[in-house]
Amino acid sequence: LPLMFSVKVVDCHYEGKPELAASYIISTPVTTAIVETGTAVNTDIILAALDEAGIQKDAVSLIAVTHVHLDHAGAAGALARQLPNAKVLCHPHGTRHLADPTALIKGATAVHGEERMRLFYGTTLPVPKEQLVATENGHCYPLGPSVSLQVHHSPGHAPHHQFLSLHAPLPGGDTPVCVGVFTGDGFAASYSFMRRPESARCPWPNVPAGRPTASLMVHAIPPQFDPVAWHGSLDLLAGLQPHLIFFTHYGPAPFTHEMIQAAHRMVDDYVALVAAPSAAELPSIASLTTEVTALVRAQQQIAATVPDDFSDRLQVDA
């Protein structure tokens, strides 16, 4: 039987390092969709991946981002200009930032500095308004016969966050099931050094399953961290019953319900970490850094998997 679809993982080499941020190319005999774009400096990497796969630029109909943070959507404007038939799918709370990324650039520059922005983020272009689409929660975008991408608004990491679930029948079947969910930062991260050594199997040809997750890391960052909403989004994800998680950070992995429970605990851990009875009892920056480092290391269930350059690989700044 001919393949109904394929999923290709593209390493965006975020901040110049391998396997920190991924983009995904979903191909069917009918069309092609890109999920997550990385930063603007990744534009040529994604275009080269399309060319390597033999996909014409005019065959790309969708560019979908989980949220507007620049490591997920920074190349959306540049790609939209190169892929004129593509609609850019974004949560309605984020479309204004893709149409005018000035505030995104200003906020990221305040964190990273001008030199790192120049090197690793490049020139973030606005998405042409005629290509920009504000998504509706639950809407399905058909990609081919029995293959679709569904939108699930999923606040917690940010109010403009959305999961994107890929649906297709099992080989030999007729009824679509959830192949996997592109979770952005709304679930957790699972970097390559946080994975078990064995490779997993996937029932769909041309869909990589990656390696099982040994541990997770929740990207709970101020000021938009909403733990109550995050718990709700985790429950939503569990209800989708996906076979795989397509992590932006980084790569596919088999889904288990234990992963959901671990993420729930980590969200609560972050809340407990910053909770204090009074301002006078808030920890100093130095002690808070120590506690965060200890918490992160405690989340690594296999201590030997944490490399010596752990903080550097995650681009943690003082």
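Calculation criteria
Residues numbered from 1 in each chain as written. Predicted model: local features only at pLDDT ≥ 70, side-chain atom pairs only at ≥ 80, totals over all residues. Heavy atoms only, no water. Pairing = 2+ DSSP bridges. Helix = DSSP H or I, 4+ residues; strand = E, 2+ residues; numbered from the N terminus. Axes fitted to C-alpha atoms, helices over the stretch in contact; angles between N-to-C directions. Contact = heavy atoms within 4.5 Å. Salt bridge = Lys/Arg side-chain N within 4 Å of Asp/Glu carboxyl O. Buried < 20%, exposed > 50% of the residue type's maximum accessible area, 1.4 Å probe, protein only. Core = buried A, V, L, I, M, F, W, Y, C linked by side-chain atoms within 4.5 Å.

**Student:** Where do I start with the sheet that holds strand β9 (residues 162-169) in this structure?
**Tutor:** Pairing within the open sheet is mixed, and its six strands lie in the order β7-β8-β9-β10-β11-β12. Of all strands in the sheet, those with a lone pairing partner are β7 (140-144) and β12 (251-254), marking the two edges. For this sheet the average axis-to-axis angle between neighbouring strands, irrespective of direction, equals 25°. Each of β8 (147-153), β9, β10 (176-184) and β11 (244-247) touches helix α7 (residues 227-239); the most contacted strand, β9, lies at about 5° to it.

**Student:** How do you make sense of the pattern of salt bridges when you look at a structure like this?
**Tutor:** Oppositely charged side chains can form a pair if their charged atoms are brought close together. Applying the stated rule across the entire model yields three salt bridges. Two residues, Lys8 and Glu52, come together in a salt bridge whose shortest N-O distance is 3.3 Å. Note that Lys8 is positioned in strand β1 (residues 6-11) and Glu52 in helix α1 (residues 43-52), a separation of 44 residues in sequence. Across the pair Glu15 and Arg116 runs a salt bridge, and its minimum N-O distance is 2.6 Å. In this pair, Glu15 sits in the loop between β1 and β2 (22-27) while Arg116 sits in helix α6 (residues 114-121), placing the two residues 101 residues apart along the sequence. For Glu15, a relative accessible area of 4% translates into the label buried. Residue classification places Arg116 among the buried positions, given a relative accessible area of 17%.

**Student:** When you look at the nonpolar core in this model, what are you seeing that I'm missing?
**Tutor:** Core analysis: the biggest nonpolar cluster contains 38 residues, and Leu50, Leu83, Val88 and Leu98 have the highest contact counts within it. Among residues more than four places away in sequence, those in contact with Leu98 are Val65, Val68, Ala73, Val88, Cys90, Pro126, Val127 and Leu132. Counting 26 residues, the second-largest nonpolar core is a separate cluster that includes Val35, Leu89, Ala168 and Phe246.

**Student:** Got a minute to help me understand the environment of Ala220 in this structure?
**Tutor:** You can see Ala220 is positioned in the loop between β10 and α7. In the structure, Ala220 is positioned 46 residues away from Met266 in sequence and 9.2 Å away in space, judged by C-alpha atoms. Not counting residues up to four positions away in its chain, the partners in contact with Ala220 are Phe225, Trp230 and Tyr270.

**Student:** I'm lost on the sheet that holds β2 in this one. Help?
**Tutor:** Where strands meet in a sheet, backbone hydrogen bonds hold them as pairs that are either parallel or antiparallel. If you trace the six strands from one edge of the open sheet to the other, you get β1-β2-β3-β4-β5-β6, paired in mixed fashion. Edge positions in the sheet fall to β1 and β6 (132-134), since each has one partner strand and no second. Going across the sheet, the axis of each strand differs from the next one's by a mean of 20°, ignoring polarity. Bridging between β2 and strand β3 (residues 32-35) involves four bridges; their strand directions are antiparallel. By the bridge assignment, Ile26 is partnered in β3 with Ala33. Most of the contacts of α1 go to β1, to which it runs at about 145°, and overall it touches β1, β2, β3 and β4 (60-64).

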